[in-house]
Structure formats: structure tokens, C-alpha cells
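Topology and contacts: notes
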Amino acid sequence: MKHILMVCLAVGLVACSSTAPSVSLENGPDSTTARLGVDQLGRTPLPVGAKMRGPESLIFGVGDNWMGRAVVELPTDASASYNFFADQFPRQGWTLVAAVRGKKNLLVFTRGDRSATIELDEGGLLSNVVAHITVSPTGSPAASLPAAVAQPLGSTGARRP
């Protein structure tokens, strides 16, 4: 009976743990998929050994014009990861706009008409730091659309000139 209970407990623990498939961003012999991830993010600086969580990421475009959200596991602790992004993004032409250090670290950068937000979640005892990197245009989409003019309908239902 003890053995059955132990097996059930072990299976339950394994079933409860979820590890998202990740793509290593290192250059290695089997890095075809990893190369796609690196190329798709353009010059976005990432530490060596970072792993992209493909299913959690949503990336549109490639190169320096990509936008969306990249979720990346980092090989360093939260403090070293924060320092890496705070140092490396300005070297790529990004300007630091806001920074918050704490249990959740947040960095906000701008470059031209784009903004990048990096949220760092501290890893637990058995997990790595996870970076959520969101890049998007800074302009309002409504600002680039032509203005719509509402005209009241006349008593016949026809629009007035």
C-alpha cells in the first residue's frame, strides 16, 4: 500500500509541474530553430544561455522591426539580469525611460517610434528568472487613421451635404 501511495504522489507531482518547451538561443550544432529565434528578434540583446519560451511568445515581423512579446528564461539571477538589460539596451540605441527594482523588476526603453518593456520575474528555488520583453510602436494607432466625421441624418433618412 505504501508503494502505491508513493507512486501516486510522484505521478501527481510530475503532472502538476509544467515546463514550457523552450528554444535555446545559444549557437550549437542543433541550433536551427534557435537561430530563427535570434534572427527574429534582431539586435535585441539577450544573455548567452537564454532560452525562448516559444508557446508563450507572440512575435510579429523579424529583425529590428519585430513587435510583440518574447518570453525568455534567463541563466542569471534577477539582479544580474536587470543589470544586463540596463547596460545592453542603451548600447543598442535604446533610451531608458523608467526603471523599477523589486520582487518584479521593470525596465522601459524607447528608440525612435518604438518602446520596449522588460519585466523580470524572479525565479523560484527550482526555476530561472523569466523575462517578458514587449516591443511595440509608441504612436497611437488612431492618430494615423483619417478622422471620421459623423453627420446627422435628415428627416428623410438621407445624409445632409
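Residues numbered from 1 in each chain as written. Predicted model: local features only at pLDDT ≥ 70, side-chain atom pairs only at ≥ 80, totals over all residues. Heavy atoms only, no water.

**Considerations on the side chain of T44**
Along the chain, T44 falls in the loop between helix 2 (32-40) and strand 2 (51-52). A polar side-chain atom of T44 sits 3.0 Å from a polar atom in the side chain of W66. The contacts of T44, once residues within four sequence positions are left out, are W66 and F89. (Helix = DSSP H or I, 4+ residues; strand = E, 2+ residues; numbered from the N terminus. Polar contact = N/O pair within 3.5 Å; in protein donor to acceptor, adjacent residues only side chain to side chain. Contact = heavy atoms within 4.5 Å.)

**Let's talk about the pattern of salt bridges**
Here the idea is simple: oppositely charged side chains can pair when their charged atoms come close. Counted according to the given criterion, the structure contains six salt bridges. Here R43 ties to D64 by a salt bridge, and the two come within 3.0 Å at their closest N and O atoms. Here D64 lies in the loop between strand 3 (58-60) and strand 4 (67-74) and R43 lies in the loop between helix 2 and strand 2, a separation of 21 residues in the sequence. Residue classification places D64 among the partly exposed positions, given a relative accessible area of 31%. Of the charged contacts, one joins K104 and E119 as a salt bridge, the two residues approaching to 3.3 Å between their closest N and O atoms. In this pair, K104 is assigned in strand 6 (residues 104-111) and E119 in strand 7 (residues 114-121), connecting sequence segments 15 residues apart. In the salt-bridge network here, residues are joined through shared partners; they are R53, E56 and E73. (Salt bridge = Lys/Arg side-chain N within 4 Å of Asp/Glu carboxyl O. Buried < 20%, exposed > 50% of the residue type's maximum accessible area, 1.4 Å probe, protein only.)

**As for the confidence of the model for the protein chain**
In the predicted model, the protein chain carries a mean pLDDT of 74, and 61% of its residues have values of at least 70. Confidence drops under a pLDDT of 50 for residues 5-36, and excluding neighbours within four residues, the segment shows 29 contacts in the predicted structure. (pLDDT = per-residue confidence, 0-100.)

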